[in-house]
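Observations on chain architecture
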Amino acid sequence: MERVRNMEDAGIIEGYGARINPRKVGYSLSAILNFTMNYGNPTSAIEKIVAETPEIVSCWSITGTSDVIMEVNLPSLEFLSLILSNLTRHGKVTTNIVLPGRFKKLDVKRPREVPKELLEEQEFK
């Protein structure tokens, strides 16, 4: 118990929760949305959409060709259409439907050491 309490105090353990099966609670469809904002579009507009849309379960600000990636769980294609309508007012969305049988790693392991051979090869000494 003391070890767990120490990890909580250090911020290593950030919280506890249940893993919910989205299909068992009515979400039959999952998608990954790659969103690119229109030039000059305020980030606050997107933050508001994310905050007001319970179907958006994860959202990351990223680098690369998109500005944001969102994971959504949906009860129907109609809900997907509604979310896309809200987002496309502010930018471009590329939609990727998640197929059944997806795999998702939920555990966090200790970071690996960089292999010695790679260090020597890349001259990261």
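What counts as what
- Residues numbered from 1 in each chain as written.
- Predicted model: local features only at pLDDT ≥ 70, side-chain atom pairs only at ≥ 80, totals over all residues.
- Heavy atoms only, no water.
- Salt bridge = Lys/Arg side-chain N within 4 Å of Asp/Glu carboxyl O.
- Helix = DSSP H or I, 4+ residues; strand = E, 2+ residues; numbered from the N terminus.
- Buried < 20%, exposed > 50% of the residue type's maximum accessible area, 1.4 Å probe, protein only.
- Pairing = 2+ DSSP bridges.
- Axes fitted to C-alpha atoms, helices over the stretch in contact; angles between N-to-C directions.
- Contact = heavy atoms within 4.5 Å.

All right, on to the pattern of salt bridges then. Under the definition given, this model contains one salt bridge. Two residues, K48 and E52, come together in a salt bridge whose shortest N-O distance is 3.9 Å. Of this pair, K48 and E52 both sit in helix α2 (residues 43-52), four residues apart, roughly one helical turn. A residue is classified by how much of its surface remains accessible, and K48, at 49% relative accessible area, is partly exposed.

For the rest of this paragraph, the subject is the sheet that holds strand β2 (residues 56-61). If you walk across this open sheet you meet the four strands as β2-β3-β1-β4, and the pairing is antiparallel. The sheet is open, and its two borders are formed by β2 and β4 (91-98), each paired with just one other strand. Averaged over all pairs of adjacent strands, the angle between strand axes in this sheet comes to 20°, irrespective of strand direction. Taken together, the seven bridges between strand β1 (residues 29-37) and strand β3 (residues 68-74) define a ladder with antiparallel strand orientation. Pairing of F35 across the sheet is with V68, part of β3. Lying on the sheet, helix α3 (residues 77-88) is in contact with β1, β3 and β4; it crosses β4 at an angle near 155°.

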